[in-house]
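# Observations on the model geometry
What follows is the residue order along each chain.
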Amino acid sequence: MKQPLLTILLACAAMGSANAETSRDEIVSALTVIRDLERPARINLATFWDGNKYVQCRRTLDSTTACEAAGTLMQPSLSRVLTAPRTERLTTLGWRLDLSFGNYTRTFGPAATVDAIADEVSAALEQGYDADVKKLSVETTDVVREPCPPRNGPTQNLAGMISDAPSMAKTAVHACSYHPEADAAPRKLGPQSTATDLIAVYGSRVATEIRRLRVNRHRWVFAAFQAGLGYIQCAPKAESNDIYCEAQSADSWPELATVLTPARIERLHAAGFADPGRSPNYARSYAADAMGDAALAAEILTLLHDVYGYYGGSKLEVATERG
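Source: prediction; values computed, not measured. (Residues numbered from 1 in each chain as written. Predicted model: local features only at pLDDT ≥ 70, side-chain atom pairs only at ≥ 80, totals over all residues. Heavy atoms only, no water.)

A separate point is the pattern of salt bridges. Following the criterion strictly, the structure yields 15 salt bridges and no others. In this structure, the salt-bridge partner of Glu 68 is Arg 58, at a minimum N-O distance of 3.1 Å. Here Glu 68 is found in strand 3 (residues 65-69), whereas its partner Arg 58 is found in strand 2 (residues 53-59), with 10 residues between them in sequence. Arg 58 sits in the partly exposed class, given a relative accessible area of 22%. Its salt-bridge partner being Arg 212, residue Glu 209 comes within 3.1 Å of it at the nearest N-O pair. A residue pair is termed a helical-turn pair when its members lie 3 or 4 positions apart in one helix, as Glu 209 and Arg 212 do in helix 6 (residues 195-215) at three residues. Arg 212 sits in the buried class, given a relative accessible area of 8%. (Salt bridge = Lys/Arg side-chain N within 4 Å of Asp/Glu carboxyl O. Helix = DSSP H or I, 4+ residues; strand = E, 2+ residues; numbered from the N terminus. Buried < 20%, exposed > 50% of the residue type's maximum accessible area, 1.4 Å probe, protein only.)

So, about the state of the cysteines. Considering all chains together, one arrives at three disulfides under this definition. Each sulfur in the disulfide pair Cys 57 and Cys 67 lies 2.1 Å from the other. One quick way to see it: the torsion about the S-S bond of Cys 57 and Cys 67 is about 105°, and its sign makes the bridge right-handed. With Cys 57 in strand 2 and Cys 67 in strand 3, the pair connects residues that are 10 residues apart, well separated along the chain. The class for Cys 67 is buried, based on a relative accessible area of 2%. (Disulfide = S-S within 2.5 Å.)

Below you can see the structure in the form of structure tokens.
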């Protein structure tokens with residue numbers, strides 16, 4: 001039976017592009033498509049990716065181009081890629097962490113040319129993600145226009161990317177934000193829970209809070225991780241990407257005297273925390289080049305478990321400068 005012409009053309013196109021280099025013109029063309037294509041009831045999307053490192057741009061109703069670059073909240077594996085120096089480069093390039101899905105965002109007004117946007121997209125992927133911009137996959141598509149379109153679910157390929165692909169439907173997130181602890185709700189934490197259990201449930205959330213501190217280090221920001229009996233609070237150092245943390249002591253809350261046994265205080269010492277003095281709490285700084293966001297999140301949760309006896313029986317509360 002004769003093969004349909006359309007099938008043949010698609011197969012040839014796929015074979016011809018399998019090993020082709022991505023030209024800048026392809027990026028410009030994709031951005032042009034989503035800006036010029038008139039589909040009011042749909043969201044026009046252009047996605048550029050290298051593995052799970054991606055930037056996705058969409059046209060908004062006011063003709064701006066809103067772009068998102070992959071984050072670690074839904075793709076924890078990217079913590080090995082998005083090191084402190086690379087997130088600093090993203091910030092320098094104008095990208096800002098958005099806590100809704102943990103992606104980095106940037107908006108380009110109607111006056112921005114597609115050439116200029118293409119340059120910024122390429123720079124973000126190359127400088128922030130060490131992506132090979134000559135080997136990018138490029139795609140345009142569209143989804144039904146709605147306030148919170150579906151996104152690829154956590155730990156899936158291209159997690160956090162807007163997509164209504166049938167293959168992703170079972171794990172897709174249909175919400176305006178993603179909360180890891182809600183996704184992990186089936187995991188039961190009880191008195192026998194280990195620090196590893198806490199990290200599995202809360203690791204991504206705490207890591208994202210740490211990254212938020214680094215991104216906003218020139219502002220007055222903090223995050224306090226409250227475990228019921230005691231807390232660990234952290235703030236950035238303005239002159240670097242280092243993070244300064246304090247672990248609550250009995251000096252600041254006398255009721256902790258029965259919790260902070262000599263063995264538990266020694267655990268804080270072993271983790272590098274100095275005794276109260278300059279501060280009423282135990283304190284230390286974490287150098288950015290020595291401990292990244294995910295590792296520091298694991299350290300904080302482990303200390304909450306080992307020092308304050310937190311096993312997750314109550315939900316971990318996070319207080320910030322905004323409440």
